[in-house]
Amino acid sequence: MFTEGKSQSMGKVLTTLTITNRVDQANASRGLIPADQVRFTTLEDVLVDTGATTLCLPAKVIAQLGLELLKEVDVATATGVSKARIFQDAKLLLCGREGTFECLELPGGQSALIGVIPLESLGLEPDLKNQTLRVLPSESADTYLTIMSARTF
């Protein structure tokens, strides 16, 4: 089983995450911009935070990637409710899996966090004991992907 991540202290999972501007990537595939103009970055020591809902990035990283603003929302934090901005089209590469997600802008110079929505969507699970990310199976009867009907007969 493939695992990725590194640890600093007990029960804490840190990982390396590559983020690409998905709009740039689409424009390059259509020949609208050269491939070398696709904006991306690789972040080290990204905290896997099961207390966070989504991907959370510092404003500096969002600006570097050129992500587009989607909306402003209220967010619950340890210090109470505050306003935050949500940006769109951040394509993640993590543990060999890819997906495109929204991201929440973090204030100041806070470090990036990856929350439960991208982790679950990518089929990744934190292993706190071994301080890594576990890649869940995507094939066979053990797949993490499920389709459940709400209808009962």
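All values derive from a computational prediction rather than experimental measurement.

Caption draft 1: Main features of unusual backbone geometry. At Asp-45, a position not held by glycine, the phi torsion is positive, near 55°. You can see Asp-45 is positioned in strand S3 (residues 40–48). In this structure Asp-45 comes out as partly exposed when scored by relative accessible area, which is 33%. Unlike most non-glycine residues, Gln-131 shows phi in positive territory, near 55°. Here Gln-131 lies in the loop between strand S9 (124–127) and strand S10 (132–135). Residue classification places Gln-131 among the buried residues on the basis of a relative accessible area of 12%.

Caption draft 2: Quick peek at the confidence of the model for the protein chain. Here the protein chain shows a mean pLDDT of 87. Residues at 70 or above account for 84%. Across the protein chain, the secondary-structure element scoring lowest on mean pLDDT is strand S1 (residues 3–4), at 50, and the one scoring highest is helix H1 (residues 22–29), at 98.

Caption draft 3: Inspection of the pairing of S3 at higher detail. Here six bridges tie strand S2 (residues 14–21) to S3, and the two strands are oriented antiparallel to one another. By the bridge assignment for S3, Thr-18 is matched with Thr-42. As paired elements, S3 and strand S8 (residues 113–114) share two bridges and run parallel to each other. Directly across from Leu-47, in S8, lies its bridge partner Leu-113.

Caption draft 4: Up close: the environment of Arg-22. Position of Arg-22 among the secondary structure elements: in helix H1. Given the relative accessible area of 31%, Arg-22 is considered partly exposed. With 67 residues separating them in the primary sequence, Arg-22 and Asp-89 have C-alpha atoms 5.2 Å apart.

Caption draft 5: Inspection of the pairing of strand S5 (residues 68–77) at higher detail. Pairing geometry for S5 and strand S6 (residues 80–94), over nine bridges, is antiparallel. In the sheet register, Asp-74 faces S6, and the bridge partner there is Lys-83. With antiparallel pairing between neighbouring strands as the criterion, S5 and S6 make up a hairpin whose turn holds two residues.

Caption draft 6: Examining H1 more closely. In this structure Asn-21 caps H1, since a side-chain oxygen of it lies 2.9 Å from the backbone nitrogen of Val-23. Positioned one or two residues after H1, Gly-31 has a phi angle of 80°, which is positive.

Caption draft 7: Representation of the pattern of salt bridges. Counted under the stated rule, the structure contains six salt bridges. The partner of Asp-24 in a salt bridge is Arg-39, with the nearest N and O atoms 2.7 Å apart. Residue Asp-24 is located in helix H1, and its partner Arg-39 is located in the loop between H1 and S3; the two are separated by 15 residues in the primary sequence. What makes Asp-24 buried here is its relative accessible area of 6%. Relative accessible area serves as the criterion here: at 35%, Arg-39 is assigned to the partly exposed category. Here Glu-125 ties to Arg-134 by a salt bridge, and the two come within 2.6 Å at their closest N and O atoms. A residue is classified by how much of its surface remains accessible, and Glu-125, at 31% relative accessible area, is partly exposed.

Thresholds applied
Residues numbered from 1 in each chain as written. Predicted model: local features only at pLDDT ≥ 70, side-chain atom pairs only at ≥ 80, totals over all residues. Heavy atoms only, no water. Helix = DSSP H or I, 4+ residues; strand = E, 2+ residues; numbered from the N terminus. Buried < 20%, exposed > 50% of the residue type's maximum accessible area, 1.4 Å probe, protein only. pLDDT = per-residue confidence, 0-100. Pairing = 2+ DSSP bridges. Polar contact = N/O pair within 3.5 Å; in protein donor to acceptor, adjacent residues only side chain to side chain. Salt bridge = Lys/Arg side-chain N within 4 Å of Asp/Glu carboxyl O.

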